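What follows is the residue order along each chain.
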Amino acid sequence: MKDVSKRLAQLCLSHSIVAVLILLSVAMALLSDKFFTAANWANVLNNLAVPGIVALGVALVVIAGGIDLSFSSMLAACAALAAWLQPQNFWLALIGPLALGAALGAFNGLLVVKLGANPLISTLGTQWLFLAALFIITGGGIVQGNMEGPFHLIANGRLAGVPLPILLLLLLAAATSFLTTQTSLGKYIYAHGSNNCGLRFAGVNANAVYLKTFVLMGLIVGVAGIVLSSRLGGVRPTEGNRYLIVVLTAVLLSGVSLNGGVGSLFHVLIATVVLGVIDNGMVLLAVEYKYQQMIKGCVFILAILYNNYTTKQLAMLRVSKR
Amino acid sequence: MPKVTFQTLLFRGRLPLIIGALLLFMAFNDRSFFIPENLINILSYSSINGLLAVGMTLLMISREFDISVGSNLVLSGVIAVQVANHFGAAAGIAAGVASGAVMGLINGILVAKANINSFISTLGTMVIFQGVAFALTDMKPVACDLPTFQSLAEWELLGLPAPIIYFLSVAIILWLALKFTRVGKSAYAIGGNIQGCRNLGINVDGWRIGYFIICGACASFAGVILASRLGAASATFGENVSMVVIAAIVLGGVPLSGGAGSLPGVIGAILLLGLIDSMTVYLNVFGYYQKLFWALLLIGVVVFDVVCARRENRRLELAELLRLQREPLRDNTEVTS
Amino acid sequence: MTPLIELRNIYKFFGGLCATNDVSLTIGKGEVIGLVGDNAAGKSTLMKIIAGVHKPTSGEYLIDGEKFVAHSPRSARNAGIEMVFQIQDMALVPELDVADNLFLGKELYRKTLGLNLNLVLDRRAMQERSRVLLHELGINIPAVTEKVKYLSGGQQQSVSIARTVFFDARLVILDEPTSSISIKETRKVLDLILQLKAKGISSIIVSHRMDDIFTTADRILVLRRGRKIEDVRKEHTSMDDIIKKIINAEKESMSQETLNQPTA
């Protein structure tokens, strides 16, 4: 009996972000009857698609023990490339951004892995580098695609009534979850973040694992760039900047530790949804826009405090067992 | 005695070298760059970023950051303007600087007492401070045309405008504190080995909160000066400032892992930043080349830093091995002689 | 019977510094060697030569009587030589569970769509085999699904040693295996070494604790400033003797040694 209650406590503590989502949703449902409608949820999730996809990629890098701040510029670059290629060829507009994302990710990866530069500062540098390059190449103006054809459908089409970006987000979340929990690469990513010497000692090429993580993140950002481009039609070079805080917030809120080796991609998805629900809630409750930022910040700090608390409780529960 | 190689010399002197090279380049391109007005202008422009940077240097030496300085700058400016409009200029200035100290205190408590990583906690407070500024101003710029408020940043001394004087005096005070007092020693010690400091009974949390307060107060002082110079404050400004400042501090020689670095280096990096900004105006190049240059410089220095550190480590390892092998020999001679 | 490992006249120079000086030794199958010596005696250099980290400057290294050139730790490991580090500079991954650590780098995979794609990890099989192995070795751990960071020092060390069995080790090199472990757990770790011996696995134990050496080792080697000055079966010596060899030996050959010491 005691064992069951302990198990239950462990389950709740290790999925605290899910509890946050449930509590928030219940509160919202009580406060607004518009909240639990299919249209509203489709709206919430649809807005989340781009930052949600990017957050999955960034979370992978953070779990591997690094960080990548250049995703905002990478996103804008991939979206701009998609917008530019889209009138020429549909398939090119799909492959191009993915290739660009992978290349930029590999660039970051080489800096961090091969040259051993600190990931925080060097990706801050590449954030500016990519953005500056994008500005210089585009001349600072909007890269205009056209708003028709199959490319337009990526962000605006529906499959069985569900908007395509939502399906893409869920698909990528499932794929990355599968990667991290069921494959050896995923296991190595966690091992690299936790103790890369141990991974190296076990005979695994740890540098290759780390580099692959950066490239993988680039690919995922490439997908987000395609969705963004398809939604906007025209892309400004600064388009990615507004996702910077949201994505970092989602990743850190989900319990992914900056020390590496800890976190779950499923929780990253949930954390993104939590942020979306907060945004949506403030709209539904007609909170004045000028107060929204303040509330978001406070919720973020509270959630981090709560997360730290549950992690500590969980560790205590575990250690007392041995 | 570590051997000073040409490479380490090149690395230590990188900022003067780069600044010298840029000045030389300008000397061939546009002599009018060197008129005193422009040089003073560069200094004056740099003093806002400079105040932020010298304030955060202590914090980064003790191995923390503050990403919220940009929002702090904005919010304290807003508070100073609004209080000045109601209660007079002096009250406004005081309230502005005090609010920054409080923001620093909040950051410090979140990091030192609630044990949140400073990258995460100040990311959160950055959003909050900007949100408060939004709420206070209704997202519109607020103006203050009290002459006394504006006079804070308008006087001159020996031809140097007030912001430069403020910046230099704060920099000198902090430099002295860092070099000669317990304030600086504790920062280096905490950045070097925090657990060791705890074991020695140093009030680690107290010091760290103090560094956050210093950082916050400097940022808000910069915010008040900026508001006074513009005669207005706006909540929609200063998002990227903190990253530029952190990058400048790293360029100035404070490693992200803390425990080392000096203020003159940071000031050099800030001057370099101002110089690059001004050059792009003079050379009439597209503004984003300046960011490109800055990014390449940052990446270059970080990579070079790592390469040097690796060499140094290999040298130290071999030296340690030599020392260990020599040691028993020395002991032995003592015994037999 | 050919010994498992034989070193003949191994020299290793670092610049002008002689770290191992004409060392020869043999290690038989299932033999436990205690390697002792003061700091800078060349213990770690010798270990690293055997583990393939360093290449000897001159001398021969034979495995099963055949000449072996250890290019890298990996090639030594392929020959069945495993190293177990002290738990402080841990070779385990704290955030992974015990089974994941035991199989790190040697994962088992499930068949995907009836094919061996080596894609999907077979966690259940790995956990089952871990359980069996740990039970066999008498290692007591709450669960193989427990993260390593929640284990005690002795448990972590036991897992590190158990892992060498998974890697089909023939020789295990243990560097201070009992440092920073509680006294109660020390006993268990030493028992584990004897169990490896029973399985026919040789080991080299480097330790400052004479008790550890004398409970486990068959033969004891003493190194001093790069030279092997003693190679004796445990029965033919005593703890005092060995300690004297480590410390006193210096005075006897002092004058000669100073002449040999390079001055670079």
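Residues numbered from 1 in each chain as written. Chains lettered and ligands numbered in written order. Predicted model: local features only at pLDDT ≥ 70, side-chain atom pairs only at ≥ 80, totals over all residues. Heavy atoms only, no water.

**Topic: the overall build of chain B**
Logical step 1: Within chain B, the regular secondary structure consists of 14 helices and four strands.
Logical step 2: Looking at chain B residue by residue over its 337 residues, the buried ones come to 51%.
Logical step 3: For chain B, restricting intrachain contacts to residue pairs at least 6 apart in sequence, the fraction spanning at least 24 positions comes to 80%. (Helix = DSSP H or I, 4+ residues; strand = E, 2+ residues; numbered from the N terminus. Buried < 20%, exposed > 50% of the residue type's maximum accessible area, 1.4 Å probe, protein only. Contact = heavy atoms within 4.5 Å.)

**Brief notes about the overall build of chain C**
Logical step 1: Helix and strand counts for chain C come out as 10 helices and 12 strands.
Logical step 2: A globule of 264 residues ought to have a C-alpha radius of gyration of about 18 Å, and chain C, at 20 Å, matches this closely.
Logical step 3: Expressed as lengths along the three principal axes of its C-alpha atoms, the size of chain C is roughly 70 × 40 × 40 Å.
Logical step 4: Here the analysis covers contacts within chain C between residues at least 6 apart in sequence; of these, 67% occur between residues at least 24 apart.
Logical step 5: When the accessible surface of chain C is summed, it comes to about 11800 Å², and 51% of that surface belongs to carbon and sulfur atoms.
Logical step 6: Taking the average place of the 36 positive charges on the side chains of chain C and the average place of its 33 negative ones, the gap between the two points comes to 4 Å. (Rg over C-alpha atoms; globule rule 2.2 N^0.38 Å. Areas by Shrake-Rupley, 256 points an atom, 1.4 Å probe, with all protein chains shown as cover. Lys, Arg positive; Asp, Glu negative; His and termini not counted. Charge placed at Lys NZ, Arg CZ, Asp CG, Glu CD.)

**Some words on the side chain of D68 of chain A**
All names here are of chain A.
Logical step 1: Secondary-structure assignment places D68 in the loop between helix 3 (38-63) and helix 4 (71-85).
Logical step 2: In this structure the side chain of D68 is engaged in a polar contact, spanning 2.6 Å, whose partner is the side chain of S70.
Logical step 3: At a separation of 3.1 Å, a polar atom in the side chain of D68 contacts the side chain of N108.
Logical step 4: Not counting residues within four places of it along the chain, the set of residues in contact with D68 comprises V58, V61, M74, N108, T123, F214 and M217. (Polar contact = N/O pair within 3.5 Å; in protein donor to acceptor, adjacent residues only side chain to side chain.)

**Quick look at the sheet that holds strand 4 (residues 58-63) of chain C**
Residues and elements named next belong to chain C.
Logical step 1: Judged by pairing direction, the sheet is antiparallel, and its four strands sit side by side in the order 2-1-4-5 without closing on themselves. At either end of the open sheet lies a strand with only one pairing partner, and these are strand 2 (17-27) and strand 5 (66-67).
Logical step 2: Bridge count for strand 4 against strand 5 is two bridges, and the pairing is antiparallel. By the bridge assignment, I63 is partnered in strand 5 with E66. (Pairing = 2+ DSSP bridges.)

**Some points on the interface of chain A and chain B**
Logical step 1: The interface is formed by 38 residues belonging to chain A together with 43 residues belonging to chain B.
Logical step 2: Approximately 3600 Å² of surface area, both sides summed, lies buried where chain A meets chain B, with 83% of it carried by carbon and sulfur atoms.
Logical step 3: By the criterion of area lost to chain B, the three top residues of chain A are I121, W128 and K290 of chain A, representing 20% of everything that side buries.
Logical step 4: For the interface between chain A and chain B, the tally reads one salt bridge.
Logical step 5: A salt bridge links K290 of chain A to D138 of chain B, with the shortest nitrogen-to-oxygen separation between them at 3.6 Å.
Logical step 6: Scanning the region where chain A abuts chain B turns up one residue pair in polar contact (both at pLDDT 80 or more).
Logical step 7: Among the elements that make up the side of chain A that touches chain B, the one with the highest residue count is helix 6 (residues 119-138) of chain A (13 residues).
Logical step 8: Of the residues belonging to the side of chain A that touches chain B, the class tally is 27 nonpolar, nine polar and two charged. (Buried area = accessible area lost by both parts, 1.4 Å probe. Salt bridge = Lys/Arg side-chain N within 4 Å of Asp/Glu carboxyl O. Nonpolar A, V, L, I, M, F, W, Y, C, P; charged D, E, K, R; others polar.)

**Digging into the packing of aromatic side chains**
What describes a pair of aromatic rings is the distance from one ring centre to the other and the angle between the planes of the rings.
Logical step 1: Tallied over the full model, the rule gives 13 aromatic pairs over all chains.
Logical step 2: Consider the rings of F35 of chain A and F36 of chain A, whose centres lie 5.1 Å apart with planes at 75°: the pair is edge-to-face.
Logical step 3: By relative accessible area, which is 53% here, F36 of chain A ends up exposed.
Logical step 4: Within the aromatic cluster, the residues linked to one another by ring pairs are F35, F36 and W41 of chain A.
Logical step 5: The ring of F201 of chain A has R77 of chain C lying over it, and the distance from NZ or CZ to the ring centre is 5.0 Å. (Phe/Tyr/Trp six-rings, centres within 6.5 Å; stacked < 30°, edge-to-face > 60°. Lys NZ or Arg CZ within 6 Å of the ring centre and 35° of its normal.)

**Section: the interface of chain A and chain C**
Logical step 1: Across the boundary between the two partners, chain A contributes 24 residues, which contact 29 residues of chain C.
Logical step 2: Buried area between chain A and chain C, both sides added, is near 2300 Å², and the carbon and sulfur share of it is 56%.
Logical step 3: Across the contact surface, chain A and chain C share two salt bridges.
Logical step 4: Notably, a salt bridge pairs E107 of chain C with K187 of chain A, separated by 2.9 Å at the nearest N-O pair.
Logical step 5: The interface formed by chain A and chain C contains nine residue pairs in polar contact (both at pLDDT 80 or more).

**Structural notes on the nonpolar core**
Logical step 1: Counting residues in each nonpolar core, the largest one holds 197 residues, and the members touching the most others are W128 of chain A together with M56, F149 and W294 of chain B.
Logical step 2: Residues within four places of W128 of chain A in sequence aside, it is in contact with N240, M243, V244, A247, K291, W294, A295 and L298 of chain B.
Logical step 3: Listed in part, the 43 residues of the second largest apolar core include V84, L134, V189 and L190 of chain C. (Core = buried A, V, L, I, M, F, W, Y, C linked by side-chain atoms within 4.5 Å.)

**So, the side chain of S220 of chain B**
All names here are of chain B.
Logical step 1: Within the fold, S220 resides in helix 11 (residues 204-230).
Logical step 2: Exposure remark for S220: the relative accessible area of 0% places this residue in the buried category.
Logical step 3: Beyond its immediate chain neighbours, meaning those up to four positions away, S220 contacts N72, S76, G96, V97, G100 and A101.

**Regarding the pairing of strand 6 (residues 81-84) of chain C**
Residue and element names in this part refer to chain C.
Logical step 1: Burial along strand 6 is two-sided: the face carrying I81 and M83 and the face carrying E82 and V84 are both buried.
Logical step 2: Sheet topology places strand 6 next to strand 9 (residues 171-175); four bridges connect them, and they run parallel. Counted as the bridge partner of I81 is L171 from strand 9.

**Considering the pairing of strand 12 (residues 227-233) of chain C**
All names here are of chain C.
Logical step 1: One ladder, built from six bridges, connects strand 11 (residues 219-224) with strand 12; its direction is antiparallel. Opposite I220, over in strand 12, you have V232 as the bridge partner.
Logical step 2: Here strand 11 hands over to strand 12 after two residues, with R225 in that stretch at a positive phi of 40°.

**Remarks on the sheet that holds strand 6 of chain C**
Residues and elements named next belong to chain C.
Logical step 1: The strand order across the open sheet formed by six strands is 6-9-10-3-11-12, and the pairing between neighbours is mixed. The sheet is open, and its two edges are formed by strand 6 and strand 12, each paired on a single side. Adjacent strand axes in the sheet meet at a mean angle of 20°, parallel and antiparallel pairs treated alike.
Logical step 2: Relative to strand 11, helix 8 (residues 239-247) is tilted by about 20°, and along the sheet it contacts strand 3 (32-36), strand 11 and strand 12. (Axes fitted to C-alpha atoms, helices over the stretch in contact; angles between N-to-C directions.)

**Notes on the pattern of salt bridges**
Logical step 1: Using the criterion set out here, one finds 29 salt bridges over all chains in the structure.
Logical step 2: The partner of E239 of chain A in a salt bridge is R242 of chain A, and the shortest N-O contact between them spans 3.5 Å.
Logical step 3: Residue classification places R242 of chain A among the exposed positions, given a relative accessible area of 52%.
Logical step 4: With a closest N to O distance of 2.9 Å, K245 of chain C and E230 of chain C form a salt bridge. A residue pair is termed long-range when its members are at least 10 positions apart, and K245 of chain C in helix 8 and E230 of chain C in strand 12 qualify at 15 residues.
Logical step 5: The partly exposed category is assigned to K245 of chain C, whose relative accessible area is 30%.
Logical step 6: Members of the salt-bridge network, linked through shared partners, are E31, R219, K228, D231, R233 and E235 of chain C.

**Describing the confidence of the model for chain C**
Logical step 1: In this model, chain C carries an average pLDDT of 82, and 91% of its residues clear a pLDDT of 70 or more.
Logical step 2: Across residues 253-264 of chain C, where pLDDT falls below 50, the model places 14 contacts with residues more than four positions away in sequence or in other chains. (pLDDT = per-residue confidence, 0-100.)

**Things to note about the packing of helix 3 (residues 36-61) of chain B against helix 11 of chain B**
The angle between the axes and the distance between the axes are what describe a pair of packed helices.
All names here are of chain B.
Logical step 1: With their axes 7 Å apart at the nearest point, helix 3 and helix 11 run at an angle of 170° to one another. As the angle between them shows, helix 3 and helix 11 are arranged roughly antiparallel. Along the contact surface, helix 3 presents S44, I48, L51, L52, G55, M56, L58 and L59, while helix 11 presents R208, Y211, F212, I214, C215, C218, A219, F221, A222, I225, L226 and R229.
Logical step 2: Of the residues belonging to the contact of helix 3 with helix 11, the class tally is 16 nonpolar, two polar and two charged. (Parallel < 35°, antiparallel > 145°, perpendicular 65-115°, else oblique.)

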